[in-house]
Amino acid sequence: MAEPHAPTVLPLYLQVAAALRDDLTQRRIPPGTRLPSERSLVHRFHVNRQTVRSALRLLRDERLVVTERRGTFAATPAAPAPGEGPALAPGLREFPCGAGRAGGVTEATLAWEAAPPGTAEQLGLLPGEPSLVHRHRVVAADGTPERLAVSRFSRHALAEVPELARYRRSDARSGRPDMRLLYHWMHRAGLRLTRRESIGVHVPAAAACLTVHRVVYDQHGHVLEVTDLRFAPESAPLTYEFTG
């Protein structure tokens, strides 16, 4: 099984993309506004033109900017496509912690935030560097919490999987995120997956619970996803499978 790599210095084009992404998401460059020219960006970041172009290409892939004959502009928020973010049947919510029991309720949210120090290092993120976080909660019909999962994605996963990268946009993270096809997206991006899980029992003062720490790697040993799950003792057993 491949071992995770030590964190490396962020490539220059990703550094440029991160700075511009921050300008765009924080509205320092408002929607519809033209970005500085490539020449201006070369001088601002002290990089070559190809590095700037690679950064802008990434931002275009994330639909944060659009390029026209007149230049590159901050994208305007698009209305959700018809049928996007469907309400899913409980039995179809395999990612990340399986379906709840009949009559239960599944809640999912996406956020963009920094990971705890240990997890950030595992994901190859710089201290304080934000990334995509998926929270998934299953509540029984009587309101009893059954399962909680917090999944954090690495910089490498966001760079390699276009369907994940689009969630950098705050407007894409609203609504009901549908992550059922996560591993299909990863396979389609050419990633072969290896899953490693550590299972333990947590006994707080209130009640015991089963805990699972899941790490998913690609064929090169890059960490793609780290998920921490908590199961109530009386909840249904977890059945979870995928192949690389």
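Computed from a predicted structure; not experimentally measured.

Rules of the game
- Residues numbered from 1 in each chain as written.
- Predicted model: local features only at pLDDT ≥ 70, side-chain atom pairs only at ≥ 80, totals over all residues.
- Heavy atoms only, no water.
- Helix = DSSP H or I, 4+ residues; strand = E, 2+ residues; numbered from the N terminus.
- Buried < 20%, exposed > 50% of the residue type's maximum accessible area, 1.4 Å probe, protein only.
- Contact = heavy atoms within 4.5 Å.
- Areas by Shrake-Rupley, 256 points an atom, 1.4 Å probe, with all protein chains shown as cover.
- Expected span 1.5 Å × (residues − 1).
- Polar contact = N/O pair within 3.5 Å; in protein donor to acceptor, adjacent residues only side chain to side chain.
- Patch = residues over 30% accessible without salt bridge, like charges linked within 9 Å, V, L, I, M, F, W, Y side chains within 5 Å.
- Salt bridge = Lys/Arg side-chain N within 4 Å of Asp/Glu carboxyl O.
- Phe/Tyr/Trp six-rings, centres within 6.5 Å; stacked < 30°, edge-to-face > 60°.
- Lys NZ or Arg CZ within 6 Å of the ring centre and 35° of its normal.
- Core = buried A, V, L, I, M, F, W, Y, C linked by side-chain atoms within 4.5 Å.

## Structural notes on the overall build of the protein chain
Here is step 1 of the chain: Within the protein chain one finds seven helices and eight strands.
Here is step 2 of the chain: Every one of the 244 residues in the protein chain was classed for burial, and the buried ones make up 42%.
Here is step 3 of the chain: Put simply, 62% of the contacts in the protein chain that link residues at least 6 apart link residues at least 24 apart.
Here is step 4 of the chain: Just so you have it, the protein chain exposes about 13,000 Å², and 54% of that area is on carbon and sulfur atoms.

## Quick notes on helix H3 (residues 49-61)
Here is step 1 of the chain: When the terminal C-alpha atoms of H3 are compared, their 18 Å separation across 13 residues agrees well with the 18 Å that a helix rising 1.5 Å per residue should span.
Here is step 2 of the chain: Regarding H3, the residues found buried are Thr51, Val52, Ser54, Ala55, Leu56, Leu58 and Leu59.
Here is step 3 of the chain: The secondary structure elements touched by the buried residues of H3 are helix H1 (12-25), helix H2 (38-45), strand S1 (65-68) and strand S2 (71-74).
Here is step 4 of the chain: Two or three places before Gln50, at the opening of H3, Asn48 has a side-chain oxygen 3.2 Å from that residue's backbone nitrogen.
Here is step 5 of the chain: Backbone geometry just after H3 places Arg63 at a positive phi near 60°.

## A word on the side chain of Thr227
Here is step 1 of the chain: Relative to the elements of secondary structure, Thr227 occurs in strand S8 (residues 223-231).
Here is step 2 of the chain: With a relative accessible area of 0%, Thr227 lands in the buried category.
Here is step 3 of the chain: Side chain to side chain, Thr227 and Ser151 meet in a polar contact 2.7 Å long.

## With respect to a nonpolar patch on the surface
Here is step 1 of the chain: Taken together, the side chains of Ile199, Val201 and Leu210 make up a nonpolar region of the molecular surface, amounting to roughly 300 Å² of accessible area.
Here is step 2 of the chain: Along the chain, Leu210 turns up in strand S7 (residues 209-217).
Here is step 3 of the chain: By relative accessible area, Leu210 is classed as partly exposed at 34%.

## Focus: the packing of aromatic side chains
Here is step 1 of the chain: A full pass over the atoms with the stated rule returns zero aromatic pairs.
Here is step 2 of the chain: Sitting over the face of the ring of Tyr167, Arg166 holds its NZ or CZ atom 4.5 Å from the ring centroid.

## Some thoughts on the nonpolar core
Here is step 1 of the chain: Residues Leu20, Leu24, Leu35, Leu56 and Leu59 are the most contacted members of the largest nonpolar core, which totals 19 residues.
Here is step 2 of the chain: For this core, the secondary-structure elements that each account for two or more residues are H1, H2 and H3.
Here is step 3 of the chain: Not counting the four nearest positions on each side in its chain, Leu56 is found in contact with Leu20, Leu35, Glu38, Leu41, Val65 and Thr72.
Here is step 4 of the chain: Residues Leu158, Tyr167, Ala172 and Val216 belong to the second largest nonpolar core, which totals 18 residues.

## A short note on the pattern of salt bridges
Here is step 1 of the chain: All chains considered together, the criterion is met by twelve salt bridges.
Here is step 2 of the chain: The partner of Glu38 in a salt bridge is Arg53, with the nearest N and O atoms 3.0 Å apart. Within this pair, whereas Glu38 is found in helix H2, its partner Arg53 is found in helix H3, the two being separated by 15 residues in sequence.
Here is step 3 of the chain: In this structure, Arg195 and Glu197 form a salt bridge, with 3.6 Å as the shortest nitrogen-oxygen distance.
Here is step 4 of the chain: A residue is classified by how much of its surface remains accessible, and Glu197, at 27% relative accessible area, is partly exposed.
Here is step 5 of the chain: The network of salt bridges with common partners includes Asp22, Asp23, Arg28 and Arg44.

## Let's talk about the environment of Glu146
Here is step 1 of the chain: With respect to the element layout, Glu146 can be found in strand S5 (residues 145-153).
Here is step 2 of the chain: In sequence terms Glu146 and Thr106 are 40 residues apart; their C-alpha atoms lie 9.9 Å from each other.

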